[in-house]
Amino acid sequence: MAKQPYQPPEQSMAGQVTDSLLLLALVIGALFLPLWLGLAGGGKTTLELPEQTWAGMAQTPAMQAQWEQLGYTEETAAELIASRFDYSFSWGALALTALVIIAYFGFVFRFSEQEYREVIDEKFGKP
Amino acid sequence: MSDQTTAYTAVHGEKISLLRVLGPGHVWALGVGIVLVGEFMGWNFAVGKGGAQAALIACWVAGLLYTCVAMIDSEVTSTVAAAGGQYAQAKHIVGPLMAFNVGLFLVMAYTMLEAGNAITAGFLIQTVAGMAGFEAVHDKPFIVLTIVALAWLNYRGVFASLTFNLVITAIAFLSIIVLFLALQPWAPTLHRLDTLATGLPYGWLGVIASLHFGLWYYLGIEGTCQAAEEVRSPARSLPLGTMTGMITLLIAATLTWWICVGLMPWEYLGQAITPLFDAARLTGSVALMVLLFIGTIFSTLASANGCINDASRAWFSMGRDRYLPVWFGAVHPTYRTPFRAIVFLVPVALVFALGAPLDQVITFSILSGLLGYTFMSFNIVMFRKRWPVGRIKRGYVHPLHPLPAIVLLVLCAATYFAVFLGYGTQLLAMMSFYIIASAWFHFHRYRYVRRGDQFTMPWPRPQGY
């Protein structure tokens with residue numbers, strides 16, 4: 001025999017608006033907080049160039065020709081050429097990141113399973 | 001209002017559903033249209049993270065990842081043919097919380113991709129205007145215009161918007177082919193692959209790191225199944241449209257890499273906003289510049305258009321199921337589109353497009369996509385376990401199971417590490433968002449969800465329940 005269907009409460013318009021705004025704030029916060037806190041782009045560094053000449057920046061004549069055709073001079077190209085990613089990292093930070101990802105999926109699958117059983121029981125009845 | 005939350009919207013006592021008007025060509029256009037822009041911008045950040053050779057390796061490794069995604073997705077989507085795509089799959093196979101998360105992955109990935117498209121279109125128009133002597137032209141009005149105009153097109157109807165996509169996607173793809181043929185990289189005159197394509201500036205660690213933006217070559221191809229409720233023959237059209245889309249993208253990605261790395265120093269290419277347009281500039285041909293300007297603009301428009309289509313359908317589906325306020329689950333009585341979801345997501349896209357750098361926006365889009373691919377590897381295993389082959393009718397059965405799922409999971413793990421290298425803070429910020437949103441759903445929002453309504457497919461009880 002099928003289980004008595006669960007009757008959810010009706011949500012007020014104010015509640016719907018609050019829920020929508022909360023999600024919106026979360027989305028915007030996730031993107032902009034690292035930017036506002038100056039943490040985004042922390043993985044980049046700048047090379048110390050010996051001199052701002054094409055040769056000093058390890059650019060061959062072929063490369064130099066392309067830079068110049070793109071409208072760059074030695075001075076304006078220097079910033080782009082000196083920009084590098086810094087891939088040094090701590091194993092602790094890597095372990096923490098891995099743990100957060102695994103914990104997230106663990107949380108979602110565990111509570112999804114609990115909710116899924118309620119869905120199946122209501123749809124098909126108790127086995 | 002409550003009727004709007006079910007599979008249909010009731011207007012004057014008549015039930016209205018989404019229209020089934022799309023064929024395999026539209027599915028191809030939806031998938032490739034969203035993704036092809038990845039050849040015109042964004043992929044080249046992989047060069048910045050690892051060098052030119054690393055970007056090519058990333059292109060092919062990401063191609064393998066997406067082949068697994070396409071195989072898995074084609075099987076599940078040809079069986080769970082419902083609006084919302086992977087969201088509907090998660091609802092039937094894993095459970096409501098996972099479905100809520102998958103819905104958010106889709107909305108975030110596509111809305112940020114849409115924002116990235118608008119940024120690129122605005123930047124290109126500003127650049128070309130500057131080259132033509134109009135230095136006062138600013139990118140911001142064009143960013144706003146792109147997002148608002150395409151939202152309006154989507155508001156008016158899916159058939160018109162996806163037919164529009166079919167045409168402009170084909171033109172954008174042809175512009176890459178024409179540039180490749182005009183450049184003749186196999187008989188180099190302008191093309192200097194031998195001198196410009198340097199080695200691996202970061203070693204093999206850079207190869208792994210470049211996988212991060214390597215996903216950008218293909219990100220969004222899984223969006224084909226968002227239109228499952230609007231396709232005339234889902235079991236045939238969805239696998240056909242998705243697989244031909246992957247083949248198209250693999251060809252376009254390889255040609256794009258070959259064109260660009262033989263024309264630009266890797267330090268420039270790794271930070272360029274419009275690399276294919278820059279490649280056309282370097283040929284010195286005005287005709288090619290005009291063509292690649294048109295190709296880039298068309299690809300951004302096609303992608304943004306498809307993104308609005310997909311993000312709004314995922315948002316609409318979540319509203320219809322009460323995972324979000326039911327107000328979003330309405331279909332327009334005349335145009336039969338999820339009009340409220342379309343309108344609500346416009347300011348979200350605008351905030352991202354006007355307020356964040358392109359590489360950050362792309363990274364958040366990639367991360368949301370990556371979480372979705374991780375889900376898919378578990379999803380297919382659970383699907384086969386709960387309904388083994390033969391127990392329910394499938395439109396397509398992918399071969400070599402569970403190998404594609406295992407390969408997909410391994411490549412996803414490598415890509416998380418790739419994002420961690422250089423963008424670790426953003427990765428943690430994004431995970432924090434999904435953890436808080438998940439807790440909000442399970443402990444607050446789930447009480448508004450009708451349990452039995454979450455399973456609508458005519459399938460037998462899943463094994464083990």
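All of the points below concern the structure found in this document. (Residues numbered from 1 in each chain as written. Chains lettered and ligands numbered in written order. Predicted model: local features only at pLDDT ≥ 70, side-chain atom pairs only at ≥ 80, totals over all residues. Heavy atoms only, no water.)

1. Some words on the overall build of chain B
- Within chain B, the regular secondary structure consists of 17 helices and two strands.
- A compact globule built from 465 residues would reach a C-alpha radius of gyration of about 23 Å, and chain B, at 21 Å, matches this within 12%.
- Over its C-alpha atoms, taken along the principal directions, chain B stretches across nearly 65 × 45 × 40 Å.
- Split into buried and exposed, the 465 residues of chain B put 66% on the buried side. (Helix = DSSP H or I, 4+ residues; strand = E, 2+ residues; numbered from the N terminus. Rg over C-alpha atoms; globule rule 2.2 N^0.38 Å. Buried < 20%, exposed > 50% of the residue type's maximum accessible area, 1.4 Å probe, protein only.)

2. Some remarks on the pattern of salt bridges
- On inspection of all chains with the given rule, the structure shows twelve salt bridges over all chains.
- The residue A:Glu118 makes a salt bridge to B:Arg451 at a minimum N-O spacing of 3.1 Å. Remark: B:Arg451 occurs in the segment after helix H17 (403–443) and A:Glu118 occurs in helix H4 (residues 91–124); the pair is interchain, linking two chains.
- Among the residues examined, A:Glu118 registers a relative accessible area of 26% and is labelled partly exposed.
- What you see here is one network of salt bridges that share partners, running through A:Glu113, A:Arg117 and B:Arg386. (Salt bridge = Lys/Arg side-chain N within 4 Å of Asp/Glu carboxyl O.)

3. What about the interface of chain B and chain A?
- Residue-level contacts link 97 residues of chain B with 68 residues of chain A.
- The contact between chain B and chain A buries some 7400 Å² in all, and 72% of this surface belongs to carbon and sulfur atoms.
- Area buried by chain B at its contact with chain A is led by B:Arg451, B:Arg461 and B:Tyr465, which between them contribute 10% of it.
- Seen at the junction of chain B and chain A, the total is five salt bridges.
- Where chain B meets chain A, there are 26 residue pairs in polar contact (both at pLDDT 80 or more).
- Element by element, the count of residues in the side of chain B that touches chain A is highest for H17(B), at 23 residues.
- The class makeup of the residues in the side of chain B that touches chain A is 63 nonpolar, 21 polar and 13 charged. (Contact = heavy atoms within 4.5 Å. Buried area = accessible area lost by both parts, 1.4 Å probe. Polar contact = N/O pair within 3.5 Å; in protein donor to acceptor, adjacent residues only side chain to side chain. Nonpolar A, V, L, I, M, F, W, Y, C, P; charged D, E, K, R; others polar.)

4. Concerning the packing of aromatic side chains
- Summed over all chains, the structure comprises 49 aromatic pairs over all chains.
- Arranged with centres 5.5 Å apart and planes meeting at 25 degrees, the rings of B:Trp43 and B:Tyr217 form a pair that is stacked. Of this pair, B:Trp43 sits in the loop between helix H2 (37–40) and helix H3 (45–50) while B:Tyr217 is found in the loop between helix H10 (203–214) and helix H11 (234–261), placing the two residues 174 residues apart along the sequence. With respect to class, B:Trp43 is no different from B:Tyr217; both count as buried.
- Arranged with centres 5.8 Å apart and planes meeting at 40 degrees, the rings of B:Phe383 and B:Trp459 form a pair that is tilted. With B:Phe383 in helix H16 (residues 358–386) and B:Trp459 in the segment after H17, this pair connects stretches of sequence that are 76 residues apart. Of the two residues, B:Phe383 and B:Trp459, both sit in the buried class.
- Among the aromatic residues, those joined into a ring-pair cluster are A:Phe85, A:Tyr87, B:Phe45, B:Tyr202, B:Phe213, B:Trp266 and B:Tyr423.
- Cation over ring: A:Lys44 sits above A:Phe85, and NZ or CZ is 4.9 Å from the ring centre.
- The ring of B:Tyr446 carries B:Arg451 above its face, with NZ or CZ at 3.9 Å from the centroid. (Phe/Tyr/Trp six-rings, centres within 6.5 Å; stacked < 30°, edge-to-face > 60°. Lys NZ or Arg CZ within 6 Å of the ring centre and 35° of its normal.)

5. Quick look at helix H1 (residues 24–35) of chain B
Residue and element names in this part refer to chain B.
- Over its twelve residues, H1 extends 17 Å from the first C-alpha to the last, a length consistent with the 16 Å expected when each residue adds 1.5 Å.
- Burial of H1 is extensive: ten of the twelve residues sit out of reach of the surface.
- Listed in full, the buried residues belonging to H1 are His26, Val27, Trp28, Ala29, Leu30, Gly31, Val32, Gly33, Ile34 and Val35. (Expected span 1.5 Å × (residues − 1).)

6. Digging into H10(B)
- Under the 1.5 Å per step criterion, the end-to-end length of H10(B) is 17 Å for twelve residues, consistent within 8% with the ideal 16 Å.
- Where H10(B) is buried, its residues touch H3, helix H4 (52–77), H16 and H17 of chain B.

7. A few points about the layout of surface pockets
Residues and elements named next belong to chain B.
- Approximately 360 Å³ is the volume attributed to the second largest pocket.
- Looking at the second largest pocket, it is lined by 20 residues, and the ones nearest its centre are Phe45, Ile273, Pro357, Leu358 and Asp359.
- No other element matches helix H15 (residues 339–355), which puts three residues into the lining of the second largest pocket.
- Within the lining of the second largest pocket, the residues separate by chemical class into 13 nonpolar, three polar and four charged. (1 Å grid on protein atoms, 1.4 Å probe; cavity = no way out; pocket = protein on both sides within 12 Å on 5 of 7 lines; lining within 4 Å. Points joined across faces, edges and corners; volume = space filled by probe spheres on them.)

8. Focus: the nonpolar core
- With 195 residues, the main nonpolar core has B:Phe100, B:Tyr218, B:Ile259, B:Trp315 and B:Tyr373 as its most contacted residues.
- Discounting chain neighbours no more than four positions away, the residues touching B:Phe100 are A:Leu23, B:Tyr87, B:Met318, B:Tyr323, B:Leu324, B:Ala437, B:Ser438, B:Trp440 and B:Phe441. (Core = buried A, V, L, I, M, F, W, Y, C linked by side-chain atoms within 4.5 Å.)

9. A look at the packing of H4(B) against H10(B)
All names here are of chain B.
- Their axes nearest at 8 Å, the elements H4 and H10 cross at an angle of 55 degrees. In terms of orientation, H4 and H10 fall into the oblique class. Relative to H10, H4 is oriented so that their crossing is right-handed. Between H4 and H10, the residues in contact are Ala54, Ala55, Ile57, Ala58, Val61 and Ala62 and Trp204, Gly206, Val207, Ser210, Leu211 and Gly214, respectively.
- Partitioning the contact of H4 with H10 into residue classes produces nine nonpolar, three polar and no charged. (Axes fitted to C-alpha atoms, helices over the stretch in contact; angles between N-to-C directions. Parallel < 35°, antiparallel > 145°, perpendicular 65-115°, else oblique. Left-handed = near helix turned anticlockwise from the far one by under 90°.)

10. Topic: the side chain of B:Arg384
All names here are of chain B.
- You can see Arg384 is positioned in helix H16.
- Classification of Arg384 by relative accessible area gives buried; the value is 14%.
- A polar side-chain atom of Arg384 sits 2.8 Å from a polar atom in the side chain of Glu75.
- A distance of 3.1 Å separates a polar atom in the side chain of Arg384 from the backbone oxygen of His398.
- Excluding residues within four positions of it along the chain, Arg384 makes contact with Glu75, Val389, Arg394, Val397, His398 and His401.

Function cannot be read off these values alone, since they describe shape.
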